[in-house]
Every structure is written in structure tokens, then in C-alpha cells.
Amino acid sequence: MMSGEGKIIRPWGWYLRTYQTEGYKTKVFSVEPGKRLSLQSHEHRKEMWSIIRGEGLCTIGDNVIKVKEDSLVSVPKGVKHRIENISDKCELIVSEVQIGDYLEEDDIVRYEDDYRR
């Protein structure tokens, strides 16, 4: 078992890994107002997002859905996805569960990225 390592700062906000063991990892992340994560997919994991605070847009494959506090989103393995904070004032706080056979940060294929990564 590995516990959290502290906040990891990203250009869109931050994330905090809260728990990891074989087969799953949990995180909390914050997306700053007006920012979004890259359009991405993962080969080895699926994700589930629970919106804790704020409002956003989630792209899951060809679908774009508006989310707010208490929304639940499922991201299947291999599907392009993104989350965006549509507020100009409040951060978007999300609890994430990753499930899969490989859960490291390098399992990201980026298709579009506002930060040129």
C-alpha cells in the first residue's frame, strides 16, 4: 500500500493521490476556473469521477455532459476524455478512482493539450 505524497501541481490545477494498492488508485484533483485537462485516453485503466464541488463539462468519447456537485462520471478504458471547469470563480474539485492493471501517470495518450505537453 502507498499513501499520498502531497499535492502535485499541474498547469490546470493540482492533484493529490490519496491511496494506491494493486489494481486501484484514488485521487482528489482541482481544476482552476476556466482551465481544462488534456483530451486523453488510457490503455490500462478506467476511471470514475465524483464531482465534489463546482461545475464543469466532461467529454467522454463523442458525448459532452455538464456536471456539478454530486455528479458521477464513468470513463471506460481506451476512451478519449477530458474535464473542464466552466466557472470563472470557483475551482472544480473531483474525486477520482482508477481501476486497472497499470496505474502510473505515463499511461496517458494526449490528443489535445492547452499546455503543449
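Above this note sits the structure.
Thresholds, definitions, all that
Residues numbered from 1 in each chain as written. Predicted model: local features only at pLDDT ≥ 70, side-chain atom pairs only at ≥ 80, totals over all residues. Heavy atoms only, no water. Phe/Tyr/Trp six-rings, centres within 6.5 Å; stacked < 30°, edge-to-face > 60°. Helix = DSSP H or I, 4+ residues; strand = E, 2+ residues; numbered from the N terminus. Buried < 20%, exposed > 50% of the residue type's maximum accessible area, 1.4 Å probe, protein only. Lys NZ or Arg CZ within 6 Å of the ring centre and 35° of its normal. Salt bridge = Lys/Arg side-chain N within 4 Å of Asp/Glu carboxyl O.

### Topic: the packing of aromatic side chains
Each aromatic ring pair is characterised by the separation of its centres together with the angle its planes make.
Here is step 1 of the chain: Under the defined criterion, the tally for this structure stands at 3 aromatic pairs.
Here is step 2 of the chain: Ring geometry for Trp12 against Phe29: centres 6.0 Å apart, planes inclined by 80°, an arrangement best described as edge-to-face. Placement of Trp12 in the loop between strand 2 (8-10) and strand 3 (13-21) and of Phe29 in strand 4 (residues 24-31) is noted, with a sequence separation of 17 residues between them. The pair Trp12 / Phe29 is uniform in exposure class, with both members buried.
Here is step 3 of the chain: Considering the side-chain rings of Phe29 and Trp49, the 6.4 Å spacing of their centres and the 80° angle between planes classify their relative orientation as edge-to-face. With Phe29 in strand 4 and Trp49 in strand 6 (residues 45-53), the pair connects residues that are 20 residues apart, well separated along the chain.
Here is step 4 of the chain: We classify Trp49 as buried; its relative accessible area is 3%.
Here is step 5 of the chain: Here a set of aromatic residues connected by ring pairs shows up, and it is made of Trp12, Phe29 and Trp49.
Here is step 6 of the chain: One residue, Lys80, lies across the ring of Tyr111, its end atom 4.2 Å from the ring centre.

### Details of the pattern of salt bridges
Here is step 1 of the chain: Following the criterion strictly, the structure yields 9 salt bridges and no others.
Here is step 2 of the chain: With a closest N to O distance of 2.7 Å, Glu112 and Arg82 form a salt bridge. Of this pair, Glu112 sits in strand 12 (residues 109-112) while Arg82 sits in strand 10 (residues 81-85), placing them 30 residues apart in sequence.
Here is step 3 of the chain: With relative accessibility at 42%, the residue Glu112 sits in the partly exposed group.
Here is step 4 of the chain: For Arg82, a relative accessible area of 5% puts it in the buried group.
Here is step 5 of the chain: With a closest N to O distance of 4.0 Å, Arg110 and Asp113 form a salt bridge.
Here is step 6 of the chain: Judged by its relative accessible area of 35%, Arg110 is partly exposed.
Here is step 7 of the chain: For Asp113, a relative accessible area of 18% translates into the label buried.
Here is step 8 of the chain: Each member of the salt-bridge network shares a partner with another, and the members are Lys25, Lys27 and Glu105.

This is a description of form; function is not addressed.
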